[in-house]
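# Close look at the chain arrangement
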Amino acid sequence: MSTTTTPGVASPAPAKVSKDRPRRGLRASSTFNFWLFTGPFLIGLIVFVFVPIGWSLYLSFFEARFTVTPSEFVGLENYKLILSDADFRSSLVTFTVFAIFIVPTTWAMSLGLALLVNRLRFMKAFFRSVFFLPTAVSYAAAALIWKMSIFNGVRFGMANTVIGWFGVENIAWLGNPDPPWYWLVIVTVRLWLQCGFYMILFLAALQNIPRELYEAAAIDGAKPGWQTFWYITLPQLRATSTAVILLLLVAAYQAFDEFFILLGKATWGQPPLVELYKMALGENQNYGAGSAGALVLTALICLVTLLQGKIMGFGRGEESQ
């Protein structure tokens, strides 16, 4: 395209290229939308998490019996009281036993279910939904089903009916700590409730493993099955396994519903949260000691989480593993 200029007439200045900038209205609208969606969550987090934690910390330094507005400062006496309490120390032992049972068992079963579902060629969505469905059931409802229908200790309970077919006498599953049959009840209800959730985590990680790794292993002569699983699948699931174990440990520390419903007021086999519940909301209603125990338990959870993450390398880059 040719251009001509008339003598004595100034040519028009070239138009300046303006940089695209977001309009002020759009920027304000994005900020408003951000606070519109995150505001309710932040308000709930402050009101129901941060404020109770701060108030619990405040109560732990005061003599707070039958009141949440104490005035007598006692310093670290509540911490000394909770740490010297035999029932609380015994509950920590109960947690250790519970974690030994539930953490590796849930990890193995969740991984096994994920491997089975991942290998399906049809109805994969159906089985994924079936195994995940128990996650929607509350711990209280599941504990009542286990207590009243499956392990109720009488001859028409499902567990006693099954073992009765083999000539075994009825077992009081929840009525006697020796032998501790109640562990079977507690562990099975927790397994049924949470295996589906962790199966989904493992399933997502399995689907992200590159297929080229298995093809290269086959070319190198690796046998499908255990050898491939041990040297390819399991190392690729390291980050997910670490996260699952950490979540399981934290959930084990927070066990309350099934223990409280299944064992009731029994003095044996109670986890830390049940003991703190009895101390803070029992006959004495010692909110100060209960708050101190809750903070001790929180510090213990953080310590175990950090140690576990350090041991298993959680958060490290691929090059440092």
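Cut-off values and rules
- Residues numbered from 1 in each chain as written.
- Predicted model: local features only at pLDDT ≥ 70, side-chain atom pairs only at ≥ 80, totals over all residues.
- Heavy atoms only, no water.
- Helix = DSSP H or I, 4+ residues; strand = E, 2+ residues; numbered from the N terminus.
- Buried < 20%, exposed > 50% of the residue type's maximum accessible area, 1.4 Å probe, protein only.
- Contact = heavy atoms within 4.5 Å.
- Areas by Shrake-Rupley, 256 points an atom, 1.4 Å probe, with all protein chains shown as cover.
- Expected span 1.5 Å × (residues − 1).
- Bend = angle between axes of the 7 residues up to and from the residue.
- Polar contact = N/O pair within 3.5 Å; in protein donor to acceptor, adjacent residues only side chain to side chain.
- pLDDT = per-residue confidence, 0-100.
- Core = buried A, V, L, I, M, F, W, Y, C linked by side-chain atoms within 4.5 Å.
- 1 Å grid on protein atoms, 1.4 Å probe; cavity = no way out; pocket = protein on both sides within 12 Å on 5 of 7 lines; lining within 4 Å.
- Points joined across faces, edges and corners; volume = space filled by probe spheres on them.
- Nonpolar A, V, L, I, M, F, W, Y, C, P; charged D, E, K, R; others polar.

## Focus: the overall build of the protein chain
Looking only at helices and strands, one finds 13 helices and zero strands in the protein chain. For the protein chain, the α and β elements follow one another from N to C terminus as α-α-α-α-α-α-α-α-α-α-α-α-α. The buried share of the protein chain, taken over its 321 residues, is 33%. The long-range fraction of contacts in the protein chain, counting pairs at least 24 apart against all pairs at least 6 apart in sequence, stands at 67%. As presented, the protein chain carries roughly 20900 Å² of accessible surface, and 66% of it is formed by carbon and sulfur atoms.

## Observations concerning helix H3 (residues 86–119)
In a regular helix each residue adds 1.5 Å, so 34 residues correspond to 50 Å; H3 covers 50 Å between its end C-alpha atoms and thus fits that length. Along its length, H3 reaches its greatest deviation from straightness, about 30°, at Ala 99. Measuring from the backbone nitrogen of Asp 87 back to the side-chain oxygen at the start of H3 gives 3.1 Å, which picks out Asp 85 as the cap.

## Points about the confidence of the model for the protein chain
The share of residues in the protein chain with pLDDT of 70 or more is 88%, and the mean pLDDT across the chain is 84. Of all helices and strands in the protein chain, the one with the weakest mean pLDDT is helix H8 (residues 211–219) (84), whereas helix H7 (residues 182–207) scores best (93).

## Observations regarding the nonpolar core
The biggest cluster of nonpolar side chains holds 60 residues, and the ones touching the most others in it are Phe 98, Trp 173 and Phe 259. At 15 residues, the largest contribution of residues to this core is made by H7. Not counting residues within four places of it along the chain, the set of residues in contact with Phe 98 comprises Trp 183, Ile 186, Arg 190, Ala 252, Ala 255, Glu 258 and Phe 259.

## A closer look at unusual backbone geometry
Cis rather than trans, the peptide bond between Asp 178 and Pro 179 has omega equal to 0°. By the element assignment, Pro 179 lies in the loop between helix H6 (158–164) and H7. Of note, Phe 66 is a non-glycine position whose phi angle comes to about 65°, a positive value. By the element assignment, Phe 66 lies in the loop between helix H1 (24–59) and helix H2 (77–83).

## Topic: the layout of surface pockets
Estimated volume of the largest pocket: approximately 510 Å³. Lining the largest pocket are 16 residues, with Arg 119, Arg 211, Tyr 214, Thr 228 and Thr 233 sitting closest to its centre. Counting residues per element, the ones that place at least two in the lining of the largest pocket are H3, H7, H8 and helix H9 (226–236). At four residues, H8 tops the list of elements feeding residues into the lining of the largest pocket. Looking at side-chain class alone, the lining of the largest pocket contains nine nonpolar, five polar and two charged residues. Put simply, the second largest pocket is a space of about 370 Å³. Its residues assigned to classes, the lining of the second largest pocket comprises five nonpolar, four polar and six charged.

## Focus on the environment of Ala 255
Along the polypeptide, Ala 255 turns up in the loop between helix H10 (238–253) and helix H11 (257–263). The buried category is assigned to Ala 255, whose relative accessible area is 0%. When the C-alpha atoms of Ala 255 and Val 274 are compared, they prove to be 8.3 Å apart, with 19 residues separating the residues in sequence. Excluding its chain neighbours within four sequence positions, the residues that come into contact with Ala 255 are Phe 98, Arg 190, Pro 271 and Leu 273.

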